[in-house]
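# Structural overview
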Amino acid sequence: MGEFKVHRVRFFNYVPPGIRCVAYNNQSNRLAVSRTDGTVEIYNLSANYFQEKFFPGHESRSTEALCWAEGQRLFSAGLNGEILEYDLQALDIKYSMDAFGGPIWSMIASPSGSHLLVGCEDGSVKLFQITPDKIQFERNFDRQKSSAIQKMIVDRQYMGVSKRKCIVWGVAFLSDGTVISVDSAGKVQFWDSASGTLVKSHLIANADVQSIAVADQEDSFVVGTAEGTVFHFQLVSVTSNSTEKQWVRTKPFQHHTHDVRTVAHSPTALISGGTDTHLVIRPLMEKVEVKNYDAALRKITFPHRRLVSCSKKRQLLLFQFAHHLELWRLGSTVATGKNGDILPLSKNADHLLHLKTKGPENIICSSISPCGSWLAYSTASRVFLYRLNYEHDNISLQRISKMPAFLRSALQILFSEDSTKLFVASNQGSLHIIRLLEGSFKHLHTFQPQSGTVEAMCLLAVSPDGNWLAASGNSAGVHVYNVKHLKLHCTVPAYNFPVTALAIAPNTNNLVIAHSDQQVFEYSIPEKQYTEWSRNVQKQGFHHLWLQRDTPITHISFHPKRPTHILLHDAYMFCIIDKSLPLPNDKTVLYNPLPPTNESDVFRRRTAHAFKISKIYKPLLFMDLLDERTLVAVERPLDDIIAQLPPPIKKKKFGT
Amino acid sequence: MVEEESVRVVHCGGSELNFRRAVFSADSKYIFCVSGDFVKVYSTTTEECVHILQGHRDLVTGIQLNPSNYLQLYSCSLDGTIKLWDYLDGILIKTFLVGHKLHALFTVAHAEDSVFVTINKEEPDIFQLVLVKLPKFPSQEIEAKELSFVLDYINQSPKCIAFGREGEYVAAVRDFYLSVYFFKKKTTSRYTLSSSKNKKHAKNSFTCVACHPKEDCIASGHMDGKIRLWRNFDDDKKYTYTCLHWHHDLVMDLAFSVTGASLLSGGRECVLVEWRDAAEKNKEFLPRLGASVEHISVSPAGDLFCTSHSDNKIMVIHRNLDTSAVIQGLVKDRSILTGLMIDPKTKALVLNGKPGHLQFYSLQSDKQLYNLDIVQQEYINDSDLIQIELTKAAFGCFGNWLATVEQREEKETELELQMKLWKYNKKTQGFVLNTKISMPHDDHITALCFCNAERSETPTLVTASKDGHFKVWILTDDSDIYKNAVGWTCDFVGSYHKYQATGCCFSEDGSLLAVSFEEIVTIWDSETWELKCTFCQRAGKIRHLCFGRLTCSKYLLGDTENGILCCWNLLSCALEWSAKLNVRVMEPDPHSENVAAVSWSSGGSDLFVFKPSEPRPLYIQKNITREEVQWGVFVPRDVPDSFTSEAYQWLNRSQFYFLTKSQSLLTFSTKSAEEKLTPTSKQLLAEESLPTTPFYFILGKHRQQEDKKLNEALESELVQLPLTENIPAINELLHTPAHVLPSASFLCSLFVNSLLLSEETRSAEEIPDDVSMEEKESDDSDEENNVTEHVQDTQSAALEEDIVYQLSKSEEKELRKFRKVDYSWIAAL
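Residues numbered from 1 in each chain as written. Chains lettered and ligands numbered in written order. Predicted model: local features only at pLDDT ≥ 70, side-chain atom pairs only at ≥ 80, totals over all residues. Heavy atoms only, no water.

### Examining the overall build of chain A
The condition that has to hold: Helix numbering and strand numbering both begin at the N terminus, where a helix is a DSSP run of H or I of at least 4 residues and a strand a DSSP run of E of at least 2. Computation of the radius of gyration draws on C-alpha atoms, with the globule rule given as 2.2 Å multiplied by the number of residues to the power 0.38. Burial classes: relative accessible area under 20% of the type maximum marks a residue as buried, over 50% as exposed, and values in between as partly exposed (1.4 Å probe, protein chains only). Only heavy atoms enter the contact rule, under which two residues are in contact if any of them lie within 4.5 Å. The Shrake-Rupley method, run with a 1.4 Å probe sphere, supplies the accessible areas, and residue values consider only the shown protein chains as cover.
Looking only at helices and strands, one finds 5 helices and 51 strands in chain A. A globule of 656 residues ought to have a C-alpha radius of gyration of about 26 Å, and chain A, at 27 Å, matches this closely. Overall, the C-alpha framework of chain A stretches about 80 × 65 × 50 Å when taken along its three principal axes. When the 656 residues of chain A are sorted by exposure, 57% land in the buried category. Considering only contacts in chain A between residues 6 or more positions apart, those separated by 24 or more positions represent 47%. By element, 51% of the accessible surface of chain A is carried by carbon and sulfur atoms, the whole surface being about 28,500 Å².

Below is the structure:
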């Protein structure tokens, strides 16, 4: 594996925003998650829970409700009173429409998907018809006219019933006429909607029960409480030979530390999210056909994209936050030590720059050039480019104004290795190449998307010699462009699972592609085919433990002196694949610890295989090679995130 | 009476009441529990033992009501039989010989003439649940060999098996498995709890199981204190469970209420928890039950619950979680430090009971009379805590004073000692704390004794301690202005060459005090506290000391650790005799000169009874038990026995009880235990319809005897004339209306005649009957004397009754003659 000096960076003060809503789409097996800053993320549950799309947040848009309608159309509504529809292809907001009822607190689509119903602050319920390309206001239900829709009516009616100052946080209306309500008194109550009487009451928590979601079959539902507990209720027959059924609280799950603001019920799993920023997917064992790794619990905390970029030359790290960027210079040391030693810093890390965005929009992506003198970021409406000048320890920032009009918004920004070119993937599916000059720029070329597709490209990779540019969208294959001749060179055959990371190796110009199902391919760009090694890997298959990892590979890099090495990492491990060594099979130990030095070479050689894995650094947000012997690892310990969250509801623990 | 019969060692009561779940009768009037080889029937209202069902020859392991006749009870035993009882009359109806050792018994309503039992066939730990068909033959003893196998590899304890709704399935738990066998489908489903190897779930194993009576729901208790409610278990895939977690230690037992609306659970916390609607937040508690809950059962009528506790106690609990009755046996789950004592007032056996308590246990009725809380601190059941232990206790002044010593030793150097003196309060019939002395000595107290001489005017107590001192405590005026408060103060501190004081003993007349200092015995004058003389045998430390009694009061006995029993003559101040005997227990009989010594060798314990004046023992019984005897005591008899054989004469006035290391209470007896217990049970048998209250014992018995004597019903008004009421002639006279009565002159002679003795009218065969009757009556009234405040001398009262009785018998015939005359006379009129 080789010895490295590692910069262990823990000053990336990133806190993911809390989860506000989740909405599960049964048709596409996708999950939409909205966060408190307005970000909406789309997870593909079929593709190993990969976060394949995201819509940046907006300060004034706090999402209170999220729903899928008419197949795969995604709507959200929030406290600014607007209903939004998202364009899942172009990763853009299609339109927004004011409901004119004040802040919107709830929204639901009719089971047929033809109508949308929103509940507004002024107490009105508004019905919208969903037309193929827009939504249209249809009618308004007042509080008094209780005939048509029961959902909100029931909500209001029982407000005062259970307890003084009791708030009903959620209701569910079942097809048999049962209404289930969850409230701030910690109760789950079953009501008969015909007579308006309480049928059964379950006291499940000392704090609020905040969310409820019912399965499509209406035989089970899930509720989330402010204590972080998720309870599963099931409709169970009273005796084996009778048709009488009763709702029974079955299992509690304590995967959250804070409020569970939202829950969803997919046919095979319970999904919950809340203030503690984790998205938890808990498969239901009785619904799982084969007890394989898919039946394991998933906890997703970090975004599946890069928030850190690095300037190797100047040893700078650029951290991307929702509304600002931070530029840090790494510390340095003169001390040396043996393996495993912690070296004292002779010079501490420097916080060079704190760049706040203008406007309410969140940053989508950011990048710093390898030479460290260019910095670019993009929001949903503008792309910003800055020139950095270093004078000894001082740094000055100069904004390059007059960006071209077509550069409205970028999904990915990349600098070439020599920092002379800027590649921008716009949300229209086009790729722009811009030449950077001292203090100015020049638009070189735009690769237009293939005719008919508007799919946005979200991953870019450029070869170190600057000749090749690889770009990948969500579903179609990876396109490789020849930058010298400004034309499409080839397209890597499409694969079933989305690409999570891309990189082009120096010298050989091999494109290494990681997919969300943990497969790694190596594709030779000049030869327009998969390399021999990649074919071998596919023939033999990856180790089962490799395929069972939770998090996708988010970054790939190469060692300048060792062409057979591929460096890649996910959130919980860092791996160097040595292509010269034999591949591991299922019988060999994948995560072998560093071989003990006193062991004979024979043993070492026998157990050595291509995958050298280190799990020392986790959760790992970024890892890259600064030079031949230096690595930088950006960690974000979960405890640090929890420390920045509001304190959870204090629960008395027995024995303390 | 039965002198031919040899004396043998018998178990006397105190057997476990909490071995299995208690069973209620259908009307909740009685509760049944297994107790050793017997089944005991208790009344739920009065807590009295109504019957003892005897017949099994080994430990009874299960009882169940007969589902097809709720007045019958099945029981099974390790002797391989199932017996069917009529519990109202205490009659054995049938015996079924199964042939295997039976470990548990279950009945199911629909399976009419078959029961389920647990047997183990080959390996010691492999148990099977089998169905036994009980054949219907009229004979008393029937072979029931038709076994059909139901479940294998089950737990021995019946708590781990439960039958579900209408007997459709049976659930059994063991280790980490729950097995459910469906009788209709004839299939077994097995559910395993998440890995037993996983450290987090290491305490996941099952402890007990219960089935919902109406729904398909199984409740299981676990080592980690969780209760799981299993549902949908007829589907291997869709099964699901809910957790209820309140207990912090293992769940000992579970029971559903009759309707299934609530679930009861209990454990080491000594709290009965009622979970309503199987909801975690909806629970009720009955706390402070005194000892951990071992079993829970529910009455079929649904009005009562019952918990069995580790301190050998059964509590009957009302549906609203109020304790309604407590049936307390001998508490045995702690080491006995105080030894065995007899309370002079109640004649009860006194020893350590619950932690920090003294228990008063009635040997006659095999029942705990009451508990005296000595430590007076809430007991917290935690194995890590070092508890305060009650180490010594002694009664003094004919039961008017009780001295107790408690200690707590956190570390060797941190000893907490407390001596308490309790005064008997006549009004409350109990002991009241009078004086509390903290740190009476600087080190462990080794012995404690009162001066029990009749002539001593001030109560005196002596304590001996390892700190080298013995202290004399006397009752003094604890002057406040009313001068009626008394308290104990230290009067004298004695020591002998800094040796540890190991024992002390007063002579019978109280004039001398013997204190042993390791190997040396010192004799002190109790008037002046002068050292009179010392004895030293150089034969090891003195273990026990006692003075001889009555004619042997000039002797002092002592036994040493080296196994030498010495007898000193106090007049000559010389060793009278010594014998080599490794004495464990030495107890003098308070009513005779006899001293009992129990020796211990690896083969077993031997009993020697001797008089101090003679080195030759009166009686020797080898190998009374294989275990080491820890404590012994002589219990005075209420009625002296009359053993004519010289060897058994020592048992005439007192009975010797002893306690072995495994805490079984044994005694010497000629009568079998059954015989001893019959009188009480027969009395209770007589009137089944009447509730047996303590009041009934006082008054009801009188009435009962009278009922037997008279065939006619008595008028309640006549009870005021206790003697004349029994004479039929007078009755007739008073009952007949005045206008039909013959003339007074005619009646006069009749009346006088009725008061005369007429010996010749009695038939010869009647006499023996009457004699036995008489004896019994006198017996009964003797016993009564203890509890009732009968004005008359009982002995004479019984005599008078006898005369009256005989008279009436003779007179009846006279009266019959008279009647004929009388009626004809009326007709003529």
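### Let's talk about the overall build of chain B
Counting its secondary structure elements, chain B contains 6 helices and 57 strands. Taken across its 829 residues, chain B has 51% of its residues classed as buried. Taking the contacts inside chain B whose residues are at least 6 apart along the sequence as the reference set, 44% of them involve residues at least 24 apart. For chain B, the accessible area works out to roughly 38,800 Å², and carbon and sulfur atoms hold 51% of it.

### Quick look at the pattern of salt bridges
Pairing between side chains of opposite charge can happen when the charged atoms of each approach one another. We count it as follows: Salt bridges, as used here, are contacts in which a Lys or Arg side-chain nitrogen is within 4 Å of a carboxyl oxygen on Asp or Glu.
Per the stated rule, a full pass over the model turns up 36 salt bridges over all chains. The shortest N-O distance in the salt bridge between Asp216(B) and Arg165(B) comes to 3.0 Å. You can see Asp216(B) sitting in the loop between strand S19 (206-211) and strand S20 (217-222) and its partner Arg165(B) sitting in the loop between strand S15 (161-163) and strand S16 (169-174), a full 51 residues away along the chain. Exposure class is identical for Asp216(B) and Arg165(B). Each is buried. Here the residues in one salt-bridge network are Glu70(A), Arg73(A), Glu85(A) and Lys94(A), joined through shared partners.

### Brief notes about empty space enclosed by the protein
Residue and element names in this part refer to chain A. Selection criterion: We place a 1 Å grid over just the protein atoms. Points where a 1.4 Å probe fits but has no way out form a cavity, open points with protein on both sides within 12 Å along at least 5 of 7 lines form a pocket, and any residue with an atom within 4 Å of a point lines it. Grid points are joined across faces, edges and corners, and a volume is the space filled by probe spheres set on the points. Residue classes follow a fixed rule: Ala, Val, Leu, Ile, Met, Phe, Trp, Tyr, Cys and Pro count as nonpolar, while Asp, Glu, Lys and Arg count as charged, and any other residue, Gly among them, counts as polar.
Scanning all chains against the criterion turns up 14 cavities of 30 Å³ or more. By volume, the largest cavity amounts to about 90 Å³. As for the largest cavity, its lining consists of 18 residues, and the residues nearest its centre are Gly477, Val478, Tyr495, Val499 and His515. Partitioning the lining of the largest cavity into residue classes produces 12 nonpolar, 6 polar and no charged.

### Looking at the environment of Asn510(A)
Residue and element names in this part refer to chain A. Tracing the backbone shows Asn510 in strand S43 (residues 510-515). In this structure Asn510 comes out as buried when scored by relative accessible area, which is 9%. The contact partners of Asn510, leaving out residues within four places of it in the chain, are Ala503, Ile504, Ala505, Glu522, Tyr523, Ser524, Thr531 and Lys579.

### Section: the packing of aromatic side chains
All names here are of chain B. The criterion, for reference: When two rings of Phe, Tyr or Trp (its six-membered ring) have centres within 6.5 Å they constitute a pair, described as stacked for plane angles under 30 degrees, edge-to-face for angles over 60, and tilted for the intermediate range.
Inspection of every chain in the model, using the stated rule, returns 61 aromatic pairs over all chains. Ring centres of Phe470 and Phe492 lie 6.0 Å apart, and the angle between their planes is 55°; on these two criteria the pair is classed as tilted. In this pair, Phe470 is assigned in strand S41 (residues 469-477) and Phe492 in strand S42 (residues 486-495), connecting sequence segments 22 residues apart. Here Phe470 falls in the buried class, since its relative accessible area comes to 0%. Taken together through their ring pairs, the aromatic side chains of Phe470, Phe492, Tyr496, Tyr499, Phe517, Trp524 and Trp529 make up a single cluster.

### Overview of unusual backbone geometry
Residues and elements named next belong to chain A. In this model, Lys618 is joined to Pro619 through a cis peptide bond whose omega is -10°. As for its position among the elements, Pro619 is in the loop between strand S49 (611-614) and strand S50 (620-627). Positive phi, normally seen in glycine, also occurs at Asn507, with a value near 65°. Assignment of secondary structure puts Asn507 in the loop between strand S42 (499-504) and S43. Note on Asn507: relative accessible area 72%, which makes it exposed.

### Details of the interface of chain B and chain A
This is how the line gets drawn: Two parts lose some accessible area (1.4 Å probe) when they are put together, and adding that loss for both gives the buried area.
Residue-level contacts link 18 residues of chain B with 20 residues of chain A. Regarding the contact of chain B and chain A, the summed buried area is about 1,700 Å², with carbon and sulfur atoms giving 48% of it. In this assembly, chain B and chain A are joined by 1 salt bridge. The salt bridge involving Glu280(B) is made with Arg249(A); its shortest N-O contact spans 3.5 Å. In terms of residue count, the dominant contributor to the side of chain B that touches chain A is strand S22 (residues 240-245) of chain B (5 residues).

### Observations regarding helix H4 (residues 744-755) of chain B
Residues and elements named next belong to chain B. Quick reminder of the rule: Here the expected length of a helix is defined as 1.5 Å per residue gap, with one fewer gap than residues. Note: the arc covers the axis-to-C-beta directions of the helix.
The first and last C-alpha atoms of H4 sit 16 Å apart over 12 residues, in line with the 16 Å expected at 1.5 Å per residue. Leu747, Leu750 and Ser754 are the residues of H4 that are buried. Buried residues of H4, viewed axially, fall in a sector of 65°; they line one side.

### Notes on the side chain of Ser463(A)
All names here are of chain A. In plain terms, the rule: In the analysis that follows, any N or O atom pair within 3.5 Å is treated as a polar contact, provided that within protein one partner can donate a hydrogen and the other can accept it, and provided that, for residues neighboring in sequence, both atoms belong to side chains.
Relative to the assigned elements, Ser463 resides in the loop between strand S38 (459-462) and strand S39 (468-472). A distance of 3.2 Å separates a polar atom in the side chain of Ser463 from the backbone nitrogen of Asn467. When sequence neighbours within four positions are dropped, the list of residues in contact with Ser463 reads Trp468, Ile504 and Asn509.

### Here's the deal with the confidence of the model for chain A
Definition in use: For every residue, the predictor assigns a confidence score, pLDDT, that lies between 0 and 100.
Residues of chain A with pLDDT of at least 70 account for 92%, and the chain-wide mean is 85. This stretch, residues 144-163 of chain A, has a pLDDT under 50; its non-local contacts, to residues over four places away or in other chains, come to 30 contacts.

### Remarks on the sheet that holds strand S1 (residues 5-9) of chain A
All names here are of chain A. Let me state the cut-off plainly: What makes two strands pair is DSSP finding at least two bridges between them. Throughout, an axis means a line fitted to C-alpha atoms (over the contacting stretch in the case of helices), and angles, computed between N-to-C directions, take values from 0 to 180 degrees.
Taken together, 3 strands build an open sheet; the order of strands is S1-S51-S50 and the sheet is mixed. Strands at the two margins of the open sheet, each flanked by one partner only, are S1 and S50. Here the strands of the sheet are splayed against their neighbours by 20° on average, with no regard to which way each runs. Summarising the sheet, S1 and strand S51 (residues 630-635) pair through 5 bridges and their orientation is parallel. Bridging across to S51, Lys5 finds its partner in Thr630.

### A short note on the sheet that holds strand S47 (residues 565-569) of chain A
Residues and elements named next belong to chain A. Spatially, the 4 strands line up as an open sheet ordered S46-S47-S48-S49, and their pairing is antiparallel. Only two strands of the sheet have a single partner each, and these edge strands are strand S46 (555-558) and S49. Averaged over neighbouring strand pairs, the angle between their axes works out to 20° when direction is ignored. With 5 bridges connecting them, S47 and strand S48 (residues 574-578) associate as antiparallel partners. Each residue of the ladder has a partner; that of His569, found in S48, is Phe574.

### Overview of the confidence of the model for chain B
Residues and elements named next belong to chain B. Averaged over every residue, the pLDDT of chain B is 80; the share at 70 or more is 81%. Under a pLDDT of 50 for its full length, residues 676-689 has, in the predicted model, 25 contacts with residues more than four places off or in other chains. Scored below 50 in pLDDT, residues 760-805 makes 28 contacts in the model with residues more than four places away or belonging to other chains.

### Here we look at the pairing of strand S34 (residues 367-373) of chain B
Residue and element names in this part refer to chain B. The pairing of strand S33 (residues 357-362) with S34 spans 6 bridges and is classified as antiparallel. Counted as the bridge partner of His357 is Asp373 from S34. Taken together, S33 and the strand that follows it, S34, pair antiparallel across an intervening segment of 4 residues, in which Asp366 is found at a positive phi of about 50°.

### What about the nonpolar core?
Nonpolar side chains in soluble globular proteins tend to be buried together. Basically, it comes down to this: Definition used in this section: a nonpolar core is a set of buried Ala, Val, Leu, Ile, Met, Phe, Trp, Tyr and Cys residues joined via side-chain atoms within 4.5 Å.
Judged by nonpolar contacts, the single largest core of 34 residues is most densely connected at Leu74(A), Leu385(A), Leu422(A) and Leu436(A). Per element, the largest residue contribution to this core is 4 residues, and it comes from strand S34 (residues 410-415) of chain A. In this view, Leu385(A) contacts Trp374(A), Leu375(A), Ala376(A), Gln398(A), Arg399(A), Ile400(A), Met403(A), Phe415(A), Leu422(A), Leu436(A) and Phe441(A); residues no more than four positions away in its chain are not counted. One finds Ile542(B), Leu581(B), Phe608(B) and Phe610(B) within the second-largest nonpolar core, a separate group that totals 29 residues.

### Section: the environment of Glu47(B)
Residues and elements named next belong to chain B. Residue placement: Glu47 occurs in the loop between strand S4 (38-43) and strand S5 (49-53). Its relative accessible area of 26% is what places Glu47 among the partly exposed residues. For the pair Glu47 and Val326, spaced 279 residues apart in the sequence, the C-alpha separation amounts to 6.6 Å. Discounting residues that sit within four places of it in the chain, Glu47 has contacts with Tyr42, Ser324, Ala325, Val326, Ile327 and Lys367. Among the polar contacts listed, one links the side chain of Glu47 to the backbone nitrogen of Val326, at a separation of 3.4 Å.

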